[in-house]
Amino acid sequence: MSRECLGFAPMLSARPGELGAADEEALRRHLAGCDACQARLADGAAAAGLVAEGLLAAAARVDLAPLADEVMARVGRRGLAGALRWLARHRAVAAATALAPAALALGLVLYFGGEADVAPLAGEVEVVAEGFAPVVLTGEEGPVVLLGEAAEGS
């Protein structure tokens, strides 16, 4: 391995986007003229592919059905009675959790409620898109048209 190759060896395992533009260009030029580094790069790619295949094969051999059955059995044992016991023991947490969205909504209404100065639109926009329901939002920078899937029956 030459001294030049030693400098480029750590770069051979870099993922796309990890190297700066200058380093990427220097590595590309080096690889164009260095058969040894091209071979090291190919070996690294082959090893990564083998590891990925091995991990996928090992994951495919694991049967998660017993785990799902065990979780469902635990949930079934506790059921509604367990949930009610938990609520009885943790009333404050349950109340805070239930009231948090309402408090947040009230805070947002109070915070944004005073800003009613909306500039009128310069013109009307008509958006027609088959199979999509247009929604026009008006902001400081003008109208924005969003296309979403049409609801059933519209």
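Residues numbered from 1 in each chain as written. Predicted model: local features only at pLDDT ≥ 70, side-chain atom pairs only at ≥ 80, totals over all residues. Heavy atoms only, no water.

Some points on the pattern of salt bridges
Using the criterion set out here, one finds two salt bridges in the structure. Its salt-bridge partner being Arg28, residue Glu25 comes within 2.4 Å of it at the nearest N-O pair. Of the two residues, Glu25 and Arg28 both sit in helix 2 (residues 21-33), three residues apart, roughly one turn of that helix. Across the salt bridge formed by Glu25 and Arg29, the nearest N and O atoms sit 3.9 Å from each other. Residue Glu25 and its partner Arg29 are located together in helix 2, separated by four residues, close to a single helical turn. Overall, the relative accessible area of 33% leaves Glu25 in the partly exposed class. (Salt bridge = Lys/Arg side-chain N within 4 Å of Asp/Glu carboxyl O. Helix = DSSP H or I, 4+ residues; strand = E, 2+ residues; numbered from the N terminus. Buried < 20%, exposed > 50% of the residue type's maximum accessible area, 1.4 Å probe, protein only.)

Focus on the environment of Met11
Position of Met11 among the secondary structure elements: in the loop between helix 1 (3-8) and helix 2. Each C-alpha atom of the pair Met11 and Leu27 lies 7.4 Å from the other, and the pair is 16 residues apart in sequence. Sequence-distant contacts of Met11, defined by excluding residues within four places in its chain, comprise Leu19, Asp23 and Leu27. (Contact = heavy atoms within 4.5 Å.)

Here's the deal with a nonpolar patch on the surface
A surface patch of nonpolar side chains, amounting to about 590 Å² of accessible area, comprises Val62, Leu64, Leu67, Val71, Met72 and Val75. For Leu64, the position within the fold is in the loop between helix 3 (35-61) and helix 4 (65-89). (Patch = residues over 30% accessible without salt bridge, like charges linked within 9 Å, V, L, I, M, F, W, Y side chains within 5 Å. Areas by Shrake-Rupley, 256 points an atom, 1.4 Å probe, with all protein chains shown as cover.)

Focus on the packing of helix 2 against helix 3
Look at helix 2 against helix 3: their axes get within 6 Å of each other, and the N-to-C directions meet at 110 degrees. For the element pair helix 2 / helix 3, the angle class is roughly perpendicular. Residues His30, Leu31, Ala32 and Gly33 of helix 2 pack against Asp35, Cys37, Gln38 and Leu41 of helix 3. A breakdown of the residues in the contact of helix 2 with helix 3 according to their chemical character gives four nonpolar, three polar and one charged. (Axes fitted to C-alpha atoms, helices over the stretch in contact; angles between N-to-C directions. Parallel < 35°, antiparallel > 145°, perpendicular 65-115°, else oblique. Nonpolar A, V, L, I, M, F, W, Y, C, P; charged D, E, K, R; others polar.)

Honestly, it's all geometry; don't read function into it.
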